[in-house]
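# Residue-level structural notes
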Amino acid sequence: MTLPYERRRAIEWAGEALRDLRSPGKDLQLWGSPVPEKLRQLAERILRHYPEPWQIDAAVELDDVAVSDWIAKEPTID
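Before going into details, it helps to say that this report is about the structure given with it. Quick caveat: nothing in here was measured; it's all calculated off a predicted structure.

Scoring rules and cut-offs
- Residues numbered from 1 in each chain as written.
- Predicted model: local features only at pLDDT ≥ 70, side-chain atom pairs only at ≥ 80, totals over all residues.
- Heavy atoms only, no water.
- Core = buried A, V, L, I, M, F, W, Y, C linked by side-chain atoms within 4.5 Å.
- Buried < 20%, exposed > 50% of the residue type's maximum accessible area, 1.4 Å probe, protein only.
- Helix = DSSP H or I, 4+ residues; strand = E, 2+ residues; numbered from the N terminus.
- Contact = heavy atoms within 4.5 Å.
- Expected span 1.5 Å × (residues − 1).
- Axes fitted to C-alpha atoms, helices over the stretch in contact; angles between N-to-C directions.
- Parallel < 35°, antiparallel > 145°, perpendicular 65-115°, else oblique.
- Left-handed = near helix turned anticlockwise from the far one by under 90°.
- Nonpolar A, V, L, I, M, F, W, Y, C, P; charged D, E, K, R; others polar.

Another point: the nonpolar core. Counting 8 residues, the largest nonpolar core is built from Ile 11, Leu 18, Leu 21, Val 35, Ala 43, Leu 47, Tyr 50 and Ile 56. Going through the elements one at a time, α1 (4–21) and α3 (37–47) are the ones with two or more residues in this core. The contact partners of Leu 47, leaving out residues within four places of it in the chain, are Gly 15, Leu 18, Arg 19 and Arg 22.

Further remarks concern α1. The terminal C-alpha atoms of α1 lie 26 Å apart, and with 18 residues this matches the ideal 26 Å at 1.5 Å per residue to within 8%. Taken as a whole, α1 has its buried residues at Arg 8, Ile 11, Gly 15, Leu 18, Asp 20 and Leu 21.

So, on to the packing of α1 against helix α4 (residues 53–62). At a minimum axis distance of 10 Å, the contact between α1 and α4 shows a crossing angle of 160°. Compared by their axis directions, α1 and α4 come out roughly antiparallel. Helix-helix and strand crossings are classified by hand; for α1 and α4 the assignment is right-handed. Contact residues: α1 offers Arg 8, Ile 11, Glu 12 and Arg 19, while α4 offers Pro 53, Ile 56, Asp 57 and Val 60. A breakdown of the residues in the contact of α1 with α4 according to their chemical character gives 4 nonpolar, no polar and 4 charged.

What follows deals with the environment of Asp 27. Relative to the elements of secondary structure, Asp 27 occurs in helix α2 (residues 27–31). Apart from the residues lying within four places of it in its own chain, the contact partners of Asp 27 are Gly 32, Ser 33, Pro 34, Val 35 and Arg 40.

Interaxial distance between α1 and α3 falls to 8 Å at its minimum, and their mutual angle equals 135°. The angle between α1 and α3 places the two elements in the oblique class. Crossing of α1 against α3: the hand is left-handed. On the side of α1, the interface is formed by Gly 15, Leu 18, Arg 19 and Leu 21, while α3 contributes Leu 39, Arg 40, Ala 43, Ile 46 and Leu 47. Taken together, the residues that form the contact of α1 with α3 break down as 6 nonpolar, 1 polar and 2 charged.

Shown next, in the form of C-alpha cells:
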C-alpha cells in the first residue's frame with residue numbers, strides 16, 4: 001500500500017526529473033548522453049501544467065479538496 005507522503009514524494013521527484021530533462025546543460029552529467037529534442041519538448045509541455053512544490057504544499061495545507069488523503073508531507077521523527 002502506498003502512503004500519502006510517498007505519493008507526494010513521487011509527484012515531486014517526477015517534477016524534478018521533468019525539469020532536469022528540459023535543461024540542456026545537464027544532459028551529459030545526468031543522463032550520460034544528449035536528451036532527444038522531442039523528449040525535451042514533451043517535458044516542457046508537461047511542466048506547463050505541473051504543480052510546483054509550493055502549490056503541492058498549498059493544496060495539502062488548504063485541504064479544500066481532500067488531497068490530504070492522497071498526498072501528504074513526510075512524517076517527521078521526533
